[in-house]
Amino acid sequence: MCTKTKEECEKHYMKHFINNPLFASTLLNLKQAEEAKTADTAIPFHSTDDPPRPTFDSLLSRDMAGYMPARADFIEEFDNYAEWDLRDIDFVEDDSDILHALKMAVVDIYHSRLKERQRRKKIIRDHGLINLRKFQLMERRYPKEVQDLYETMRRFARIVGPVEHDKFIESHALEFELRREIKRLQEYRTAGITNFCSARTYDHLKKTREEERLKRTMLSEVLQYIQDSSACQQWLRRQADIDSGLSPSIPMASNSGRRSAPPLNLTGLPGTEKLNEKEKELCQMVRLVPGAYLEYKSALLNECNKQGGLRLAQARALIKIDVNKTRKIYDFLIREGYITKG
């Protein structure tokens, strides 16, 4: 506060919020109304989503760690061979005390391993980790900074319950939103803006300035087109139309009417050395990094070998990317003989 001292701020807060009987009674009434609202009502029941039921050994089944929804169990348990230590144990009457104690110790160890198995299952069930893709979609709704925190704090989720963990993440997401809003308001104050009507005008002018700046700083785009003379001439004519205030005479759009992106530069990207020339050309055309292409190719090849062939609909179900990119990858692998049509 530029115009008030610390003591004046404290006095104002105590007067209007702490010692104000009207404010205190309002909070009390709100609390009583909330308690009355939920006092005699039953706790609502919401059934959980049924986990997806993929085919055995499919890509989604591997993502779910072999979970079988119909049995609510896994194909392969944690510490899957724990029972092997008990297969040769047999309690007989003539066992010595030491041998009997040793066998009981083995059984106790087995029980501890079973408890660890159940503990891990409980964590997976409580935190909803079966449906991995749904879990990832929920994570992506947060801003990038909160996603980084989510990734860091995931290892501590086993210590606290799912509700406490979600509250922790949500509180930090709220803190991030508040900090961003405070930063925006400070920017308004620095610019001399004192009301939200002027703030809307400021935001509009700021957006316009950014658009104008982008129009005049397209050197990187020129360098991407410079290797193709026809594309370079096309881009120059388009920029001349934009600078003169006319609509672009050459829209540089694809068949769908959208602006076509320049080819992807593969220099220095991991996995480029594993591609042949045709695969490099495909990755440049569909703007796909080599690592992702190799992963998609491996998944399609494995599925084709299992099924004896592969249809386009199956390929789209395996790799969840843009359907047009999937079609180009599928056609390329068919044309080059990597896979066969189902």
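Structure report, in brief. (Residues numbered from 1 in each chain as written. Predicted model: local features only at pLDDT ≥ 70, side-chain atom pairs only at ≥ 80, totals over all residues. Heavy atoms only, no water.)

A word on the packing of helix H11 (residues 277-286) against helix H14 (residues 323-335). With their axes 11 Å apart at the nearest point, H11 and H14 run at an angle of 165° to one another. Judged on the interaxial angle alone, H14 and H11 are roughly antiparallel. Two packed elements cross with a definite hand, and for H11 against H14 that hand is right-handed. Residues Lys278, Glu279, Leu282, Met285 and Val286 of H11 form the contact with H14, whose participating residues are Lys325, Lys328, Ile329 and Phe332. For the contact of H11 with H14, a count of residues per class yields five nonpolar, no polar and four charged. (Axes fitted to C-alpha atoms, helices over the stretch in contact; angles between N-to-C directions. Helix = DSSP H or I, 4+ residues; strand = E, 2+ residues; numbered from the N terminus. Parallel < 35°, antiparallel > 145°, perpendicular 65-115°, else oblique. Left-handed = near helix turned anticlockwise from the far one by under 90°. Contact = heavy atoms within 4.5 Å. Nonpolar A, V, L, I, M, F, W, Y, C, P; charged D, E, K, R; others polar.)

Before going further, it helps to examine the pattern of salt bridges. Using the criterion set out here, one finds 16 salt bridges in the structure. Its salt-bridge partner being glutamate 83, residue arginine 117 comes within 3.2 Å of it at the nearest N-O pair. Taken as a pair, arginine 117 in helix H4 (residues 97-126) and glutamate 83 in the loop between strand E2 (73-74) and H4 lie far apart in primary sequence, 34 residues in all. Using a relative accessible area of 8% as the deciding quantity, one classes arginine 117 as buried. Where lysine 103 meets aspartate 95, a salt bridge forms, and the shortest distance between an N and an O atom there is 2.9 Å. Looking at aspartate 95, the relative accessible area reads 16%, which means it is buried. (Salt bridge = Lys/Arg side-chain N within 4 Å of Asp/Glu carboxyl O. Buried < 20%, exposed > 50% of the residue type's maximum accessible area, 1.4 Å probe, protein only.)

With that out of the way, let us pick up the nonpolar core. Counting residues in each nonpolar core, the largest one holds 22 residues, and the members touching the most others are Leu288, Tyr293, Leu300, Ile329 and Leu333. Elements with a minimum of two residues in this core: H11, helix H12 (290-307), helix H13 (312-318) and H14. Element by element, the count of residues in this core is highest for H12, at five residues. Those residues in contact with tyrosine 293 that lie beyond four places of it in its chain are Leu275, Glu279, Leu282, Cys283, Leu288, Ile329, Phe332 and Leu333. (Core = buried A, V, L, I, M, F, W, Y, C linked by side-chain atoms within 4.5 Å.)

This part takes up the packing of H11 against H12. Where H11 meets H12, the axes come as close as 10 Å, and the angle between the chain directions of the two elements is 110°. What the angle tells us is that H11 and H12 run roughly perpendicular. At the point where H11 passes H12, the crossing takes the right-handed sense. In contact with Glu279, Leu282 and Cys283 of H11, H12 contributes Pro290, Tyr293 and Lys297. Looking at the contact of H11 with H12 residue by residue, the class counts come to four nonpolar, no polar and two charged.

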